[in-house]
Amino acid sequence: MATIIPVASFDCVVFGATGDLTARKLLPALFYRFRDGQIPETSRIIGASRSELSLDAFREHARDALKRFVPAADLTDDVLGRFLDHVDYVAVDGAGDSGWTDLVAKLDERPDQVRPYYLATSPDLYGSICRNLAAHGLVGEKSRVVLEKPIGKDLKSARAINDAVGEVFPESQIFRIDHYLGKETVQNLLSLRFANTIFERLWTSDVIDHVQITVAETVGVEGRAGYYDTSGAMRDMLQNHILQLLCLTAMESPLNLEANSVRDEKLKVLRALKPITTHDIQSVTVRGQYVAGAVDGKPVEGYLAELGHESRTETFVAMKVEIQSGRWAGVPFYLRTGKRLPQKLSEIVVQFRASPFSIFPEEAFGREPNRLVIRLQPQEGMKLEVMTKDPGPGGLRLRPTDLDISFEETFKQRYPDAYERLLMDVVRGNATLFMRRDEVEAAWAWADGVLKAWADRPEAPRPYPAGSWGPTAAIALIERDGRTWHEELR
Ligand code: BG6
């Protein structure tokens, strides 16, 4: 059973309180932590936005959000009512002058609270909000600032944001969220690799043939076309979530679980990524954009129709990446992510090398090398494919069989959303699952190379029908190397 350790009492100020992220993720996450007794009764969640709302109106807004995004079975009137008593509101212009004295007055009521400032706003406002917080005496030892992605759209803009925030907050008080790091199975990667001798010993180029990381989504751009069209799959998913998964899969053992030890090792992986240049861009990357098709049996329109204008933004990307280190020399990492793919699926597949010699006769030996599949979502779990004997008479025949662990079935408990864990870590001041400045910048430095190489050869992304696994060129990308994507349909 999970052990709930209450955190210190806090006042969490959420800038962008009327926005989508607050409704969809932050309020539900805080609700669950409150319901489970992790949030002390003296804590407050203080919504902050420019809208002149009364407290009642904001609580009504929060109630509606919870009704939409928390399953009804978890939302009893009693707990919902008690949770909303902890929700407060201040109308404040993050980038301007109005409302700050009201916020100061509210926070002064409880001077000893831990104070996370969650910036669920456009990144353009991060610098001004931080400067305002400092100017109004709201930054102290117990404050932390939480930054949502995107932190910039390239290295230059990421540095500008980091500089502006860094003028006010020391690095130890800056929490850059990559919500993939809060997913249970992503943290499980650390347990799998470093708490099990069997895997860590095998985690080398002698034994591993290649690694695949897939983050597939069925959704389109979901009303975020304005943002998405300036971003695309590379900036929205690959530069952050997928590179973080790659880091946890490939990094050396950290000295311990302290934030800087883990982040030092991830940083080494990012710095060891082989640059992709104009010369090899076409052979190691594929950009795609969905056209009309069907997902889950329902017809859906193409990206351009959703957007309403021409665009060369990619909604799919696949690439072959190399890590220049002794451990990974010659082991390609195939990465892919896209919208409007056939299923929502995030997984890391570690494909071991085929056995170099077999005592089994050719006809008995399936020649299937072992494969470890780590499933992040849905149905979190892990599966190791091993060769076993086919039961019964008929000669000795081998076939791959799964050692399959479904975490849900094994642990029979609800899997918390990533934001629940991350928000509590912010209050505790534990930054292990957050990105340090140099990590974000190293990821951008590498991604900028890819973006520049694409810009140097401005070809339109390849079309793929919604509901397919991306353009055929993505299949060719891996098949040219004599390998195939792991595709397990529901
Ligand atoms: C976000 C991206 O960071 O992650 C979205 O901006 C994407 O475009 C989302 O849909 C995916 O997150 P999850 O947790 O649903 O896999």
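Residues numbered from 1 in each chain as written. Predicted model: local features only at pLDDT ≥ 70, side-chain atom pairs only at ≥ 80, totals over all residues. Heavy atoms only, no water.

Glancing now at the nonpolar core. Counting 152 residues, the largest nonpolar core has Phe15, Phe83, Met319, Phe333 and Trp446 as its most contacted members. Per element, the largest residue contribution to this core is 11 residues, and it comes from helix α10 (residues 232-250). What Phe83 contacts, discounting residues up to four positions off in sequence, is Leu27, Leu30, Phe31, Phe34, Ile45 and Leu66. (Core = buried A, V, L, I, M, F, W, Y, C linked by side-chain atoms within 4.5 Å. Buried < 20%, exposed > 50% of the residue type's maximum accessible area, 1.4 Å probe, protein only. Helix = DSSP H or I, 4+ residues; strand = E, 2+ residues; numbered from the N terminus. Contact = heavy atoms within 4.5 Å.)

This part takes up the packing of aromatic side chains. If you walk through the whole model with that rule in mind, you get 12 aromatic pairs. Measuring from centroid to centroid gives 6.2 Å for Tyr228 and Tyr303, while their planes differ by 70°, and the two rings are edge-to-face. Here the residue Tyr228 occupies a position in helix α9 (residues 225-228), and Tyr303 occupies one in helix α13 (residues 303-307), the gap between them amounting to 75 residues. For the pair formed by Tyr228 and Tyr303, the shared burial category is buried. When the centroid spacing of 5.2 Å and the interplanar angle of 80° are considered together, the rings of Trp328 and Phe333 count as edge-to-face. For the pair formed by Trp328 and Phe333, the shared burial category is buried. A network of ring pairs unites the aromatic residues Tyr228, Tyr290, Tyr303, Phe316 and Tyr464 as a single cluster. Against the face of Trp454 rests Arg287, its NZ or CZ located 5.2 Å from the ring centre. (Phe/Tyr/Trp six-rings, centres within 6.5 Å; stacked < 30°, edge-to-face > 60°. Lys NZ or Arg CZ within 6 Å of the ring centre and 35° of its normal.)

With that settled, the discussion passes to the packing of helix α5 (residues 126-135) against helix α6 (residues 155-166). Between α5 and α6, the shortest axis-to-axis distance is 8 Å and the interhelical angle comes to 5°. On the basis of the axis angle, α5 is roughly parallel to α6. Of α6, the residues touching α5 (which contributes Tyr126, Gly127, Cys130 and Arg131) are Ile161, Ala164 and Val165. Among the residues making up the contact of α5 with α6, the classes are represented as 5 nonpolar, 1 polar and 1 charged. (Axes fitted to C-alpha atoms, helices over the stretch in contact; angles between N-to-C directions. Parallel < 35°, antiparallel > 145°, perpendicular 65-115°, else oblique. Nonpolar A, V, L, I, M, F, W, Y, C, P; charged D, E, K, R; others polar.)

Next up on the list: the pairing of strand β8 (residues 285-291). β8 sits mainly inside the fold: 6 of its 7 residues count as buried. In terms of strand pairing, β8 meets strand β11 (residues 316-321) through 4 bridges, oriented antiparallel. Residue pairing across strands places Arg287 opposite Val317, the latter belonging to β11. Bridge count between β8 and strand β17 (residues 462-465): 4 bridges; the pairing is parallel. Paired with Tyr290 across the strands is Tyr464, a residue of β17. (Pairing = 2+ DSSP bridges.)

Before going further, it helps to examine the sheet that holds strand β16 (residues 398-406). Spatially, β16-β15-β14-β13-β7-β12-β11-β8-β17 is the arrangement adopted by the 9 strands of the open sheet, whose pairing is mixed. Both edges of this open sheet fall to β16 and β17, since each of them pairs with a single strand only. Here the strands of the sheet are splayed against their neighbours by 20° on average, with no regard to which way each runs. Where strand β14 (residues 371-377) meets strand β15 (residues 381-389), 5 bridges bridge the pair, whose relative direction is antiparallel. Bridge pairing in β15 places Val373 opposite Lys383. Against the sheet, α10 contacts β7 (208-216), β11, β12 (333-338), β13 (345-352) and β14, and its axis sits at roughly 145° relative to β12. This element, helix α16 (residues 437-456), spans β8 and β11 of the sheet and lies at about 115° to β11.

Here we have 6 strands laid out as an open sheet, ordered β3-β2-β1-β4-β5-β6, and parallel in their pairing. Across the chains shown, the open sheet's two edge strands, defined by having one partner strand only, are β3 (87-91) and β6 (174-176). Strand-to-strand, the axes of this sheet are offset by a mean angle of 20°, without reference to chain direction. Across 5 bridges, the pairing between strand β2 (residues 44-49) and β3 is parallel. Opposite Gly47, over in β3, you have Tyr89 as the bridge partner.

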